[in-house]
Amino acid sequence: MGFLLILIVLIFLFTLFIIINRYERKIKIFTKNIQSIKEKIKELEIKIENNSSLIEKNRSNIEDINKINQSS
């Protein structure tokens, strides 16, 4: 009877180990995906900032051109 109980406990622990191992791999992949998304968001933020500064420069240039056109 004791042997059967030990065998059942070992099977349970082995099954538990397999389940935990599967989910651990999935969590690692999920974490890598999140990190990749964060990096892409940072890159996009930098691009948006650069575009914003370019838009401001263009506005300034358009205003200057308009002033020149009005004065002539």
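The written sequence of each chain sets the order in which its residues are numbered from 1. Residue-level local features of this predicted model are given only where pLDDT is at least 70; pairs of side-chain atoms are given and counted only at 80 or more, and the full residue set underlies all totals for whole chains, interfaces and linings. Side-chain calculation: all heavy atoms of the structure are included, whereas hydrogens and water are not.

### Examining the overall build of the protein chain
Thinking step 1. By the criteria applied, helices consist of DSSP H or I runs no shorter than four residues and strands consist of E runs no shorter than two, each listed in order from the N terminus. A count of helical and extended segments in the protein chain gives one helix and zero strands.
Thinking step 2. In terms of overall dimensions, the protein chain is more spread out than a globule: its C-alpha atoms have a radius of gyration of 31 Å, far above the 11 Å expected for 72 residues.
Thinking step 3. By its C-alpha atoms, the protein chain is 105 × 10 × 10 Å across when sized along the principal axes.
Thinking step 4. Each residue is assigned to one of three classes by its accessible area relative to the maximum for its type, calculated with a 1.4 Å probe on protein chains only: buried under 20%, partly exposed between the two thresholds, exposed over 50%. Per-residue burial for the protein chain yields a buried fraction of 0% across its 72 residues. Radius of gyration here uses only the C-alpha atoms, and the compact-globule reference equals 2.2 Å multiplied by the residue count raised to the power 0.38.

### A closer look at the pattern of salt bridges
Thinking step 1. Salt-bridge detection follows one rule: a side-chain nitrogen of Lys or Arg within 4 Å of a carboxyl oxygen of Asp or Glu. Applying the stated criterion to the full structure yields two salt bridges.
Thinking step 2. Across the salt bridge formed by Lys28 and Glu24, the nearest N and O atoms sit 3.9 Å from each other. With Lys28 and Glu24 both in helix α1 (residues 2-71) and four residues apart, the pair spans about one turn of that helix.
Thinking step 3. What makes Glu24 partly exposed here is its relative accessible area of 38%.

### Looking at a nonpolar patch on the surface
Thinking step 1. Only residues whose relative accessible area exceeds 30% and that form no salt bridge are eligible for patches; like-charged ones are grouped when within 9 Å, while nonpolar side chains (Val, Leu, Ile, Met, Phe, Trp, Tyr) are grouped when within 5 Å. Surface accessibility follows the Shrake-Rupley procedure with a 1.4 Å probe radius. Residue values consider only the protein chains on display as shielding. Together, Leu5, Ile6, Val9, Leu10, Phe12, Leu13, Leu16 and Ile20 make up a nonpolar patch on the protein surface, roughly 770 Å² of accessible area in all.
Thinking step 2. As for its placement among the helices and strands, Phe12 is situated in helix α1.
Thinking step 3. On the basis of relative accessibility, which here comes to 53%, the residue Phe12 falls in the exposed class.

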